[in-house]
There are 2 protein chains.
Amino acid sequence: MPGLSRATVARLPRYLRLLEDIDAERETVSSGDLAGAAGVNAANVRRDLSALGFQGTRGVGYSVAPLRDRIRRELGIDSRRRVAIVGAGNLGTALARYTGLGKRGFDVVAIYDVDPARIGERIGELTVLDLERITADCAAGNFEMAILAVPAGAAQPVADLLSSAGISSILNFAPQRVSVPDGVAVRHVDLSVELQILSYYG
Amino acid sequence: MPGLSRATVARLPRYLRLLEDIDAERETVSSGDLAGAAGVNAANVRRDLSALGFQGTRGVGYSVAPLRDRIRRELGIDSRRRVAIVGAGNLGTALARYTGLGKRGFDVVAIYDVDPARIGERIGELTVLDLERITADCAAGNFEMAILAVPAGAAQPVADLLSSAGISSILNFAPQRVSVPDGVAVRHVDLSVELQILSYYG
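Just so we're clear, the structure is a prediction, and the values are computed from it rather than from any experiment. Along each chain, residues carry numbers from 1 onward, in the same order as the chain's sequence is written. To label them, take the chains in the order written and letter them from A, then take the ligands in the order written and number them from 1. For this predicted model, a pLDDT threshold of at least 70 governs which residues receive local features, and a threshold of 80 or more governs which side-chain atom pairs are given and counted, while totals over whole chains, interfaces and linings are taken from all residues. Heavy atoms from the whole structure form the basis of all side-chain values; hydrogens and water molecules are not counted.

**A few points about the overall build of chain A**
Here is step 1: A run of H or I in DSSP becomes a helix once it reaches four residues, and a run of E becomes a strand once it reaches two; helices and strands are each numbered from the N terminus. Helices and strands together make up the secondary structure of chain A, namely 9 helices and 9 strands.
Here is step 2: If you line up chain A on its principal axes, its C-alpha atoms span 60 × 35 × 30 Å.
Here is step 3: Type-normalised accessible area, obtained with a 1.4 Å probe on protein chains alone, sets the label of each residue: buried when under 20%, exposed when over 50%, and partly exposed for intermediate values. Every one of the 202 residues in chain A was classed for burial, and the buried ones make up 49%.
Here is step 4: Sequence separation of at least 24 residues holds for 54% of the intrachain contacts in chain A that already meet a minimum separation of 6.
Here is step 5: All accessibility values rest on the Shrake-Rupley procedure with a 1.4 Å probe; residue burial counts only the protein chains present in the view. Surface exposure of chain A reaches about 9,100 Å², of which carbon and sulfur atoms provide 49%.
Here is step 6: By the counting rule applied here, Lys and Arg register as positive and Asp and Glu as negative, while His and the ends of each chain are not counted. Each charge is placed at NZ for Lys, CZ for Arg, CG for Asp and CD for Glu. One finds the centroid of the 23 positive side-chain charges in chain A at a distance of 7 Å from the centroid of its 23 negative side-chain charges. The contact criterion used is simple: two residues touch if any of their non-hydrogen atoms lie within 4.5 Å.

What follows is the structure, given as structure tokens:
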């Protein structure tokens, strides 16, 4: 679906969070509640949801279940997504253990490393796999998304491997931007950007 | 300084990244380059920088050094900021070792944990401290910012401790939102939100 603005897409997961966590008995939610969840104003909410074809009812708000299902579908998470983690260092291990992902529809199905000392090690229910396998595993369709938790110098080579094997999306935690071919989505999480934004307000 | 929009503040670190990483010989930068760095259009850049009092020169762009210094000052990072990490598990350890923070003006000065087995352990140049000390250390002005890398259930109690001790800003990685009193800035990093946004594009 074309046409949602980047800002709208970035807010959808925050609306979804509220819609998933809301009391099971509540059937409607106000644009004000959704606005609070996303840190925007109610007019933004109405515009975002109108772009999805939803009009709220004055004094009532939006119906929870249809809106929740629609946002999930829009985000492509109406079925579960399979994620591989690359790098079994501290960050990769922390991500593999992060229970929030499973709750939100992402299954971490594999973790890879190059270090012979780490390969074969257990992390929760996963066993660290040799990075050499990743191209074959990705090409076989074992996962659609990858999280890079590798040193700066390894980020681009790993992104190249994954891109050539047909990966759909890459979330990059390495302190180094990566380039990917058209058709691969990439997001870069830069912790110092978060701290700098926080520094403005603090 | 009042009045910068949230979107503008969120883009300033990305402009700054380019201005810091640019070749030392280059004296000017175009709004197009800045737009590329922040993933917005040139009109956004001109509006953002105009809000800081900067007007570009047609065909030349913006002077690098004054703009860089101004953004640093705006973000409150013209002097270095001291950061404490709470939680010496995998995520806290990864953050303590993350070299990107030092490069961007943040000094990790302490890491705390409650686990007697971790307290006293070395992580790089730091020694894991007993969480019991954190209120006193914060009140003594040892750090202005804190990163929470604790389990969900510990996030609010730790935020309360830090707030009462006069913390300025909290970056929360725990999978649980925290409330803080007025005057304390908080940002919540939710990894599943990043994955959901990525899922839309991938």
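**Comments concerning the packing of helix 2 (residues 31-38) of chain B against helix 3 (residues 42-51) of chain B**
How two helices sit against one another is set out by the angle between their axes and by the gap between those axes.
Residue and element names in this part refer to chain B.
Here is step 1: Axes here refer to lines fitted to C-alpha atoms; in helices the fit is confined to the stretch in contact. Angles between the N-to-C directions go from 0 to 180 degrees. At a minimum axis distance of 8 Å, the contact between helix 2 and helix 3 shows a crossing angle of 100°. Between helix 2 and helix 3, the interaxial angle falls into the category roughly perpendicular. Here Ser31, Leu34 and Ala35 of helix 2 lie close against helix 3, whose contacting residues are Ala42, Val45, Arg46 and Leu49.
Here is step 2: Counted by class, the contact of helix 2 with helix 3 contains 5 nonpolar, 1 polar and 1 charged residues. The labels follow the angle: roughly parallel below 35 degrees, roughly antiparallel above 145, roughly perpendicular from 65 to 115, and oblique for the rest. Just so you know the grouping, Ala, Val, Leu, Ile, Met, Phe, Trp, Tyr, Cys and Pro go in nonpolar, Asp, Glu, Lys and Arg go in charged, and all remaining residues, Gly too, go in polar.

**Here we look at the domain arrangement of chain A**
Here is step 1: All the domain ranges listed were derived from an automatic or database domain assignment. Assigned domains within chain A: domain 1 (6-74) and domain 2 (81-193).
Here is step 2: Domain 1 of chain A and domain 2 of chain A are separated by 31 Å when their C-alpha centres are compared.

**Re the sheet that holds strand 8 (residues 169-172) of chain A**
Here is step 1: In spatial order, the strands read 5-6-4-3-7-8-9 (chain A); together these 7 strands make up an open sheet with mixed pairing. Looking at the sheet topology across the chains shown, the edges are occupied by strand 5 (122-123) and strand 9 (185-188) of chain A.
Here is step 2: Note on pairing: two strands pair once DSSP finds at least 2 bridges between them. Judged from the 2 bridges that link them, strand 5 of chain A and strand 6 (residues 126-130) of chain A form a sheet pairing that is antiparallel. Residue pairing in the sheet places arginine 122 of chain A in a bridge with threonine 127 of chain A of strand 6 of chain A.
Here is step 3: Helix-sheet contacts for helix 8 (residues 152-164) of chain A involve strand 3 (81-86), strand 7 (145-148) and strand 8 of chain A, and the interaxial angle to strand 7 of chain A is about 170°.
Here is step 4: Together, strand 3, strand 4 (106-113), strand 7, strand 8 and strand 9 of chain A form the strand contacts of helix 9 (residues 191-201) of chain B, whose direction differs from that of strand 9 of chain A by roughly 155°.

**A closer look at the pairing of strand 8 (residues 169-172) of chain B**
Residues and elements named next belong to chain B.
Here is step 1: Of the two faces of strand 8, the one lined by Ser169 and Leu171 and the one lined by Ile170 and Asn172 are each fully buried.
Here is step 2: When strand 7 (residues 145-148) meets strand 8, the two strands line up parallel, connected through 4 bridges. Pairing of isoleucine 147 across the sheet is with leucine 171, part of strand 8.
Here is step 3: Here a crossover is taken to be right-handed if, once the strands point away from the viewer, the path from the first strand over the helix to the second is traced clockwise. One crossover worth recording links strand 7 to the parallel strand 8 by way of helix 8 (residues 152-164), and it is right-handed.
Here is step 4: In terms of strand pairing, strand 8 meets strand 9 (residues 185-188) through 4 bridges, oriented parallel. Across the sheet, asparagine 172 pairs through a bridge with histidine 188, a residue of strand 9.

**A closer look at the sheet that holds strand 9 of chain B**
Here is step 1: What the 7 strands build is an open sheet, ordered 5-6-4-3-7-8-9 (chain B); its pairing is mixed. The open sheet terminates on both sides in strands that have one partner only, identified here as strand 5 (122-123) and strand 9 of chain B.
Here is step 2: In this structure, strand 3 (residues 81-86) of chain B lies alongside strand 4 (residues 106-113) of chain B, joined through 6 bridges in parallel fashion. Pairing of valine 86 of chain B across the sheet is with tyrosine 112 of chain B, part of strand 4 of chain B.
Here is step 3: Packing against the sheet, helix 9 (residues 191-201) of chain A makes contact with strand 3, strand 4, strand 7, strand 8 and strand 9 of chain B, and its axis sits at approximately 155° to strand 9 of chain B.

**Considering the relation of the copies chain B and chain A**
Here is step 1: Each copy superposes on the other: chain B lies on chain A with an RMSD of 0.0 Å after a rotation of 180° and an axial shift of 0.0 Å. Such values leave the two copies arranged in the relation of a two-fold axis. For chain B, the residue whose C-alpha comes nearest the rotation axis is asparagine 90 of chain B, separated from it by 2.4 Å.
Here is step 2: Of the residues that chain B buries at the interface, 100% are likewise interface residues in chain A, meaning the two copies contact each other through the same surface. In superposing the copies, a least-squares fit is computed on C-alpha atoms, taking residues whose pLDDT is at least 70 in both.

**Let's talk about empty space enclosed by the protein**
Here is step 1: Lining residues are those with an atom within 4 Å of a point, where the points come from a 1 Å grid over the protein atoms alone and group into cavities, where a 1.4 Å probe fits but cannot get out, or pockets, open sets with protein on both sides within 12 Å along at least five of seven lines. Grid points are joined across faces, edges and corners, and a volume is the space filled by probe spheres set on the points. The full count for this structure, using the stated rule, is 1 cavity of 30 Å³ or more.
Here is step 2: Approximately 30 Å³ is the volume found for the largest cavity.
Here is step 3: Along its surface, the largest cavity is lined by Leu91, Leu95, Phe173 and Leu191 of chain A together with Leu91, Leu95, Phe173 and Leu191 of chain B.
Here is step 4: Elements supplying a minimum of two residues to the lining of the largest cavity: helix 5 (90-97) of chain A together with helix 5 (90-97) of chain B.
Here is step 5: Its residues placed into classes, the lining of the largest cavity shows 8 nonpolar, no polar and no charged.

**Some thoughts on the interface of chain B and chain A**
Interface size is commonly expressed as the accessible surface area that is lost when the partners come together.
Here is step 1: Contacts between the two partners involve 52 residues from chain B and, on the opposite side, 52 residues from chain A.
Here is step 2: We define buried area as the total accessible area lost by two parts upon association, computed with a 1.4 Å probe and summed across both. Roughly 5,200 Å² is buried in total at the junction of chain B and chain A, and carbon and sulfur atoms are behind 62% of that figure.
Here is step 3: Should a side-chain nitrogen of Lys or Arg be within 4 Å of a carboxyl oxygen of Asp or Glu, the pair is scored as a salt bridge. Here chain B and chain A share 1 salt bridge between them.
Here is step 4: Nitrogen and oxygen atoms within 3.5 Å of one another constitute a polar contact, given that in protein one can donate a hydrogen and the other can accept it, and given that sequence-neighbouring residues count only through two side-chain atoms. Put simply, chain B and chain A have 5 residue pairs in polar contact (both at pLDDT 80 or more) between them.
Here is step 5: At the level of secondary structure, the elements contributing two or more residues to the side of chain B that touches chain A comprise helix 1 (6-21), helix 5, helix 6 (100-103), strand 7, strand 8, strand 9 and helix 9 of chain B.
Here is step 6: Among the elements that line the side of chain B that touches chain A, the one with the most residues is helix 9 of chain B, at 11 residues.
Here is step 7: Residues of the side of chain B that touches chain A, tallied by class, amount to 30 nonpolar, 11 polar and 11 charged.

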